Structure formats: structure tokens, C-alpha cells
Amino acid sequence: MSTRTVLQQADISRALTRIAHEILESNRGATDLVLLGIPTRGVALAERLGALISDIAQQPVPVGALDVTLFRDDLAKHPTRSPRPTEIPAGGIDGRTVVLVDDVLFSGRSIRAALDAIQSIGRPSVVRLAILVDRGHRELPIRPDFVGKNIPSSRQERVNVRLFEYDGAEEVTIEA
Amino acid sequence: MRHLLDTQTLDRTTALRILDVAEDMSDTQSREVKKLPTLRGKTVVNLFFEDSTRTRISFEAAAKRLSADVINFAAKGSSVSKGESLKDTAQTLQAMGADAVVIRHGASGAPRTLATSGWITAGVVNAGDGTHEHPTQALLDAFTIRKRRFGADSRGRDLSGIRVVIVGDVLHSRVARSNVWLLTTLGAEVTLVTPPTLIPQNVSLWPVRVRYDLDEALADGPDAVMMLRIQLERMNAAYFPSEREYSRRWGLDAVRAAGLPDGSIVMHPGPMNRGLEISSDAADSDRSTVLEQVTNGVSVRMAVLYLLLAGEREDERGEVK
């Protein structure tokens, strides 16, 4: 059992600042942008990205939460999960550019569920994906548009993201 | 959760979990697409040995919103009227691959028999058994009280300090029993108001206060007044002199409803006998939650089916949790 830290507080905040700039660059500004975090930690990341983007673009960016539990295809393989609240910003998502935000991208199944969840809420013109850590091992043809850090890992390893909002610490670690 | 048989053995944590999941289900029902793929491929059987419209339709709507397949089975016009036993009916459903059985039965305890006999492996939901319990009705009532009180801030909260008055035929009412257990588990103070002839014998063992005078109970300014239906089909003895007298002493008329404090709500599980236990003025006022209760019923039943069916199955023949 060994644990090593792959991202520290400064690395996380640098990565988020870079992603904020990349989102603004690819969207040509903050117009029509909506950030949706996937609970739990994706919501905190989305809020931080939203604050950064609003700051850089001098324009408020709506941030929400998108729960994907009820759309998962692997519910029967785990103990019953409790859904988390979904909060869609007042302007809705129709015709907007939605950026999904999550902490770790692994199999890609959460993102598939998120795409289904979005479909039941409205029809964005574009959906993009921002991820703090991409650890590989995709099981579906899904790729992120904005990545904090690529961390090659083995399937047996655990990638833990800790954020101040939930864990009182700020780091990304790998447990072997 | 393996089965939902009663609220008497439901602990606070599980009850709050059901209510919180129901909040999430309720949120999805305001979306453009209300249907969720969550229970695709699961089969829910509505096994109704007693007449019911709203409970059956509510369970059916809940199952369909979660993409489960629904089979409706009404005892009238089925093999049951030819004398088939509960065991054989249950095993037939098992052979058809039912994942959950929603049962309403005239005999108290029939759902528990179904759940613990080993006849079937499906999860069992009690949709009303005799004069025993009707747990999903109590859950939707608790959900409605919580929602009116706390609004969007309801998640995770219990009903501590909320005072509920339940009025009417407690003796025959499974709704009253389920509500007494659930509401007190959640911290509410429950008062029963009933004619002395319609009070159960063992009521002294219940965690409630009993009163016989409705006006005195309402003078305390309760947060919720729950009117029970006078079950005319069960009035097989002289429980009260006449419907008019019942209505005058224990009915919620316009004057009594108007005297309630602001924010107090009036509840009724339906179907209502207008003019008997509740007047039209009270039933159609802003205080009345009758239609909200119906809407919330679908969300609560979605939550129950979700918690029963979505996750990994506990080992077969598990006990109630």
C-alpha cells in the first residue's frame, strides 16, 4: 500500500486557471457558456472554474450541478446510490455551450450518463468536457476537451481527489 | 432496502433517505423529459386484491416514469375469484419474472407473509393491508408536510416540533396507523381526534395524545390537520348516530378551517366525502394539500421503487430494512 501525491494545491489551481483560459479561447468568450459540475467534486470544480472565467472575461458565467445517478448503466452492480440534487441555472441550457466538469475521467460511463441527463433537460448547441485528472482506461468512445493533468494509472490503483470544500485538504494522490 | 412493509419498523435514517430521494425524483418531474431510464428491464407487478384507483395509478405512473415494465393484476375477474391462493398467485408472478410486487390486500399482514414466506424473491411493497398499514401514504404525507414547511430547503430535515392532528375513524384507518409511526419517528407530535367509538383499544401504547373534541384540538393551532375518510363500507355498527352529527362534531367545516393559524395545512388522503368529514370550502382552500399529496405520491413511490430495485440486490429472503 503506497500513496504518492501527483498534484499539490498550487498544481491544481494552475491547472484550473489554464483550463479557464482554454474554455474562453475555444468558446471565443464567455457568451452562452454554462458550466455544469457532476456531483460531488465536479460541482466544486465547476464553481471555481466559473469564478475564474467570470473574472477573466468580466462577465458572469452560470454554474450548475448535474446529477447522473438515475442515468447510470451500472446501478445494479453497486449498493444503492443516493442521487444528488441537480441545479440548472435559470437561463437553461437550450442553445448554450455546456461544459461538463468532473474531477476524474476513468471509464467514461459517468459522462455517458451525463449526456443522457442533459438530453432530458434540453438541447445545448455544444457539449464539452473539462476534467481535472484523466487516468485513462476508457470503456466508451469519450474524450475530454480540457484536461488538468493526464495521469497514467493501472486499473488496480485508486486516484483520490481532495478539495478544500469537502475534504479540508487540496491534493490528488494515487494509491497502489 | 429489500421490502417496504410498514412504517412501524422503519428507522429515521431510512425514512429520511426515502424522503430525500423523493425530492430528487420530484425535481426530475419538472423537466422537459420526465421519463428516466433508471429501472429499464425491471418488472413491477401491481397486485391489488382490494379496489383502489389512486394508489394503483400512482404506483403505475411511478414505475413507468422510471422505465420499469408494469403488470396490473386486479383480483376481481382473475383466477383469485376462482379460489386461487395467495401462494399460487405469488408463485405465478415469480415465474413471470417480477422484480417487485406492490400488494394491496384486505388481510392485515398479507404483504409480510408474501415477503417472508420464501414464495417469491421479488421486493414487496405494502400498498395497504387491512387495517394494518399503508406506508407509502404516510411517506407522501410526511413529504408534503416537510415540503410545505421548508420548501426547497427540505432535504435532510425531519419533522421535529411539528404538530399534526389526525381526525376521524382511526379504528379502521391504516393511513392513520402508518402516519402515527412515521411522523413520530421523524420527531412530530401527533394528536388523534376521534369519536370514542372509533378509537383502537391499544391506543394507549401509541406515542400519541388522544382527544375527543375537535375544536379544542384546533384551538392549539396545529401545523397540519389530517382528515381521514369515513369508510362508509366499514361502518358495520353504530359508531356514530348520524352522518350529520359526525360532520358537525368532527368534520372540518369552513368555520373551523378559517380559524386555523396562517401556514397550517389541511390534508386528506382521498377519496374525500365532501360535506361529511371535510367541507368543500376547506378542501378547495389554499391550505388544502390534497392535490399536492397526489403529485408527491408519485415522487415518493418512485423513490421507494428506486431504493428497492436499482442497487445490488441483498441476499434473497432478507428481512425488512
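Everything that follows concerns the structure shown earlier in this document.
Here's a quick rundown of the structure. (Residues numbered from 1 in each chain as written. Chains lettered and ligands numbered in written order. Predicted model: local features only at pLDDT ≥ 70, side-chain atom pairs only at ≥ 80, totals over all residues.)

### Quick notes on the overall build of chain B
Logical step 1: On a plain count of helices and strands, chain B comes out with eleven helices and nine strands.
Logical step 2: Here the C-alpha coordinates of chain B stretch approximately 55 × 45 × 35 Å along the principal axes.
Logical step 3: Long-range pairs, those at least 24 residues apart, make up 78% of the contacts in chain B with a sequence separation of at least 6. (Helix = DSSP H or I, 4+ residues; strand = E, 2+ residues; numbered from the N terminus. Contact = placed C-beta atoms within 7 Å.)

### What about helix H3 (residues 86–95) of chain B?
Residue and element names in this part refer to chain B.
Logical step 1: Those residues of H3 not exposed but buried are Thr 89, Ala 90 and Leu 93. Summarising the axial view, the buried residues of H3 lie within an arc of 100°, below the 170-degree limit, and thus occupy one face.
Logical step 2: Next to the buried residues of H3 lie strand E1 (43–48), strand E3 (100–105) and helix H4 (110–116).
Logical step 3: Among the residues trailing H3, Gly 97 stands out with phi positive, at a value near 85°. (Buried ≥ 20, exposed ≤ 12 C-beta atoms within 10 Å, placed from the backbone. Arc of directions from axis to C-beta.)

### Overview of the nonpolar core
Logical step 1: A:Leu49, A:Leu100, B:Val101 and B:Leu305 are the most contacted members of the largest nonpolar core, which has 145 residues in total.
Logical step 2: The leading source of residues in this core is helix H11 (residues 290–309) of chain B, at ten residues.
Logical step 3: Among residues more than four places away in sequence, those in contact with A:Leu100 are A:Leu36, A:Ile38, A:Ile111, A:Ala114, A:Val127, A:Leu129 and A:Ala130. (Core = buried A, V, L, I, M, F, W, Y, C linked by C-beta atoms within 7 Å.)

### Considerations on the environment of A:Val68
Residues and elements named next belong to chain A.
Logical step 1: Along the chain, Val 68 turns up in the loop between strand E3 (63–65) and strand E4 (97–105).
Logical step 2: Note: C-alpha distance between Val 68 and Gly 50 (18 residues apart in sequence) is 20 Å.
Logical step 3: When residues no more than four places from it in sequence are discounted, the contact partners of Val 68 are Ile 38, Ser 110, Ala 113, Ala 114 and Ala 117.

### Considerations on the sheet that holds strand E6 (residues 146–150) of chain A
Residues and elements named next belong to chain A.
Logical step 1: Spatial strand order, E3-E2-E4-E5-E6: five strands in an open sheet with parallel pairing. Since the sheet does not close on itself, it has two edges, and those belong to E3 and E6, each with one partner. Each neighbouring strand pair of the sheet contributes to a mean axis angle of 25°, computed without reference to strand direction.
Logical step 2: By the bridge criterion, five bridges tie strand E2 (residues 33–37) to E4 in an arrangement that is parallel. Paired with Leu 35 across the strands is Val 99, a residue of E4.
Logical step 3: The strands that helix H2 (residues 41–57) touches are E2, E3, E4 and strand E5 (126–134); relative to E2, the one it contacts most, it runs at about 150°. (Pairing = 2+ DSSP bridges. Axes fitted to C-alpha atoms, helices over the stretch in contact; angles between N-to-C directions.)

### Overview of helix H6 (residues 174–185) of chain B
All names here are of chain B.
Logical step 1: A rise of 1.5 Å per residue sets the reference length of H6, with its twelve residues, at 16 Å; its end C-alpha atoms lie 17 Å apart and thus fit the reference within 8%.
Logical step 2: Burial runs high along H6: eleven of the twelve residues are buried.
Logical step 3: For H6, every residue scored as buried is listed here: Arg 174, Val 175, Ala 176, Arg 177, Ser 178, Asn 179, Val 180, Trp 181, Leu 182, Leu 183 and Thr 185.
Logical step 4: Buried positions along H6 lie against helix H1 (12–28), strand E4 (123–129), helix H5 (135–150), strand E5 (163–167), strand E6 (189–193) and strand E8 (224–227).
Logical step 5: Where H6 terminates, the next one or two residues include Gly 187, which has phi positive at roughly 100°. (Expected span 1.5 Å × (residues − 1).)

### What about the packing of H5(B) against H11(B)?
For any two helices packed against each other, the geometry is given by the interaxial angle and the distance between the axes.
Residues and elements named next belong to chain B.
Logical step 1: Closest axis-to-axis distance for the H5/H11 pair is 8 Å, and the angle between their directions is 115°. Judged by the twist between their axes, the crossing of H5 over H11 is right-handed. In this structure, H5 contributes Thr 136, Leu 139, Leu 140, Asp 141, Phe 143, Thr 144 and Lys 147 to the contact, and H11 contributes Glu 292, Gln 293, Asn 296, Gly 297, Val 300, Arg 301 and Val 304.
Logical step 2: When the residues that make up the contact of H5 with H11 are grouped by side-chain class, the tally is five nonpolar, five polar and four charged. (Left-handed = near helix turned anticlockwise from the far one by under 90°. Nonpolar A, V, L, I, M, F, W, Y, C, P; charged D, E, K, R; others polar.)

### Details of the pairing of strand E2 (residues 69–74) of chain B
All names here are of chain B.
Logical step 1: Note: E1 against E2, six bridges, orientation parallel. What sits directly across from Thr 43, in E2, is Asp 69.
Logical step 2: Considered for its hand, the β-α-β crossover made up of E1, helix H2 (residues 54–65) and E2 is right-handed. (Right-handed = clockwise from strand over helix to strand, strands pointing away.)

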